[in-house]
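Below are the chains, spelled out letter by letter.
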Amino acid sequence: MSFLKALFGPSRKEIWQQLSREVGGHFHEGGFFAASAVQARTGDWIVTLDTVTHGDGNTNQTYTRLRAPYFNPEGFRFEIYRASVFSGLGKALGMQDIEVGHPRFDQDFVIKGNAPRRVRRLFDNRRIRRLIDAQPRIQLSVKGHEGWFSKFPAGVDELHFQSLGVIKDLGQLQTLFDLFAEVLEQVCHEGRAYEDDVRIHIRRLRAPGGRIEDNKYVLWESYDSRRDAADALGRLRYPVAVPALASVLWDDDSRLRALAIEALAEIGHRDAIGPLVPLLGDARKADARPIRERVAEALRQLGEEELVDAVLAALVHMNINTGTYKNTTGACGKEWPSWFNQEANSAQIQPVRRHVELQRTPCPRSESPPVYVTVSGRGARQDRPARRRGCPEQGDRRASRHAAPGGEQVAKTLLPRTPRRSRGPVAARPAAGFSPLGSSP
């Protein structure tokens, strides 16, 4: 064995194991159905080194490849490879080649892409050009994974490198890992420090949730990056982040939902009230704490104590699970009225989720518009803008026979009726279609 090692040098396994230690990654032992691989995390991404064999069984060729899936909502594509004697012929035949403004680099490499300006910004990075130039053979590109049978979520593509043969040069492999880290930072974050960049955190949060697995290891997962983005947006407190945070309030990741609720409370913008109110009807837990309790605390922090009391009172009247509100003290240590506790203790406990709707109706007599909330045990929808005249309850467009249980109690609590002159009978309106706010777990 020592003679063979002296003759042929260290084996691929030994070199790749050493590489995994150098890059702070993990070496996966190969088997009958899977090749050996090295994985290392850089930022939000996982870089995977392995080999793949292509052929028809008679003539097979083995390639070394690196790949790193990443969120690419803009669909940016590029490809770069070394120029050859056929490259000039391709240009003469009209094949598009992007010049990035560095003459020697433009002469040595063929670069293609679907966004020339962005391609030029990418290769204007001196370190990226140096790392690419250090590769004797290179074919680096962004590969899309569309189609019915793709296991990639929508918007997730792959930074991909491939070279003929098995690479066992430790220095070259380290350079490839450095190249992937630099390109991913430039493509996703434009080379900026993103700790305090709201736009980058919003982009990270909007990435699809889940993971991509291949054989026995994970190629991509977004749980940690999305949670970190939600936490960062709450820390930065920019109102522009409210829509992005609101979009994940019904996400399957319970930890992310909890962080988004806390972030909206930290931002303290009024636009967060509407998305939060429907969650008062959710009896599930997020990060080992009831969602309803978290939302009640956030809305109180936003100054909506009366709204929270009214919605929770309506939920009690509907005999649903009241969770922690059965005690003499409610969420945030607020003491509830005696009638509330009596109703809560007599409520039937069921692990269900109710639908809560919020409607701010126009009111010319006051500066702040009144709020109408409907609590229902069936599907729910956002009411269209209320008519100014002839509504049995201000803000409610449904006919009385279709009114959801509990809606009247909330309306009376929030909207004291002002006596008005009768305007004649009101024609009943059919119920509109429903659109569920979220699916039951």
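Residues numbered from 1 in each chain as written. Predicted model: local features only at pLDDT ≥ 70, side-chain atom pairs only at ≥ 80, totals over all residues. Heavy atoms only, no water.

1. What about the sheet that holds strand β7 (residues 139–143)?
- Spatial strand order, β1-β2-β3-β4-β8-β7-β5-β6: 8 strands in an open sheet with antiparallel pairing. Edge positions in the sheet fall to β1 (26–28) and β6 (109–113), since each of these pairs with one other strand and no more. Taken over all neighbouring pairs, the strand axes of this sheet differ in orientation by 20° on average, direction set aside.
- Inspection of the sheet shows strand β2 (residues 37–42) paired to strand β3 (residues 45–55) by 5 bridges, in the antiparallel sense. In the sheet register, V38 faces β3, and the bridge partner there is L49. (Pairing = 2+ DSSP bridges. Helix = DSSP H or I, 4+ residues; strand = E, 2+ residues; numbered from the N terminus. Axes fitted to C-alpha atoms, helices over the stretch in contact; angles between N-to-C directions.)

2. What about the confidence of the model for the chain?
- Across the chain, the average pLDDT comes to 74, with 65% of residues at 70 or higher.
- This stretch, residues 378–423, has a pLDDT under 50; its non-local contacts, to residues over four places away or in other chains, come to 96 contacts. (pLDDT = per-residue confidence, 0-100. Contact = heavy atoms within 4.5 Å.)

3. Some remarks on the pattern of salt bridges
- In this structure the tally under the stated criterion is 29 salt bridges.
- As a salt-bridge pair, E213 and R211 come within 3.7 Å of each other at their nearest N and O atoms.
- In this structure E213 comes out as partly exposed when scored by relative accessible area, which is 45%.
- Relative accessible area serves as the criterion here: at 44%, R211 is assigned to the partly exposed category.
- Where R284 meets D282, a salt bridge forms, and the shortest distance between an N and an O atom there is 2.9 Å.
- Taken together, the salt bridges that share partners define one network made up of D50, R65, R67, K151 and D214. (Salt bridge = Lys/Arg side-chain N within 4 Å of Asp/Glu carboxyl O. Buried < 20%, exposed > 50% of the residue type's maximum accessible area, 1.4 Å probe, protein only.)

4. What about the packing of helix α2 (residues 12–22) against helix α7 (residues 170–189)?
- Packing of α2 against α7 leaves a shortest axis separation of 10 Å and a crossing angle of 40°. Classified by the interaxial angle, the pair formed by α2 and α7 is oblique. The two elements α2 and α7 meet at a crossing, and its hand is right-handed. Here I15, W16, Q18, L19 and E22 of α2 lie close against α7, whose contacting residues are L170, L173, Q174 and F177.
- Taken together, the residues of the contact of α2 with α7 sort by class into 6 nonpolar, 2 polar and 1 charged. (Parallel < 35°, antiparallel > 145°, perpendicular 65-115°, else oblique. Left-handed = near helix turned anticlockwise from the far one by under 90°. Nonpolar A, V, L, I, M, F, W, Y, C, P; charged D, E, K, R; others polar.)

5. Some words on the packing of aromatic side chains
- One pass over the structure, following the stated rule, counts 4 aromatic pairs.
- Ring geometry for F76 and F78: centres 5.9 Å apart, planes at 35°, overall tilted.
- Accessibility expressed as a relative area gives 2% for F76, which makes it buried.
- Take F78: its relative accessible area is 2%, and that puts it in the buried class.
- Relative to F123, the ring of F105 lies with its centre 6.0 Å away and its plane at 35°, an arrangement referred to as tilted. One end of the pair, F105, is in helix α4 (residues 103–108); the other, F123, is in helix α5 (residues 116–123), and 18 residues separate them in sequence. Neither residue differs from the other here; F105 and F123 are each classed as buried.
- Among the aromatic residues, those joined into a ring-pair cluster are F76, F78, F105, F109 and F123.
- A cation over a ring is seen here: R12 above W16, with NZ or CZ 5.1 Å from the ring centre.
- For R118, the ring lying beneath its charged end belongs to F76, and the centroid distance is 4.6 Å. (Phe/Tyr/Trp six-rings, centres within 6.5 Å; stacked < 30°, edge-to-face > 60°. Lys NZ or Arg CZ within 6 Å of the ring centre and 35° of its normal.)

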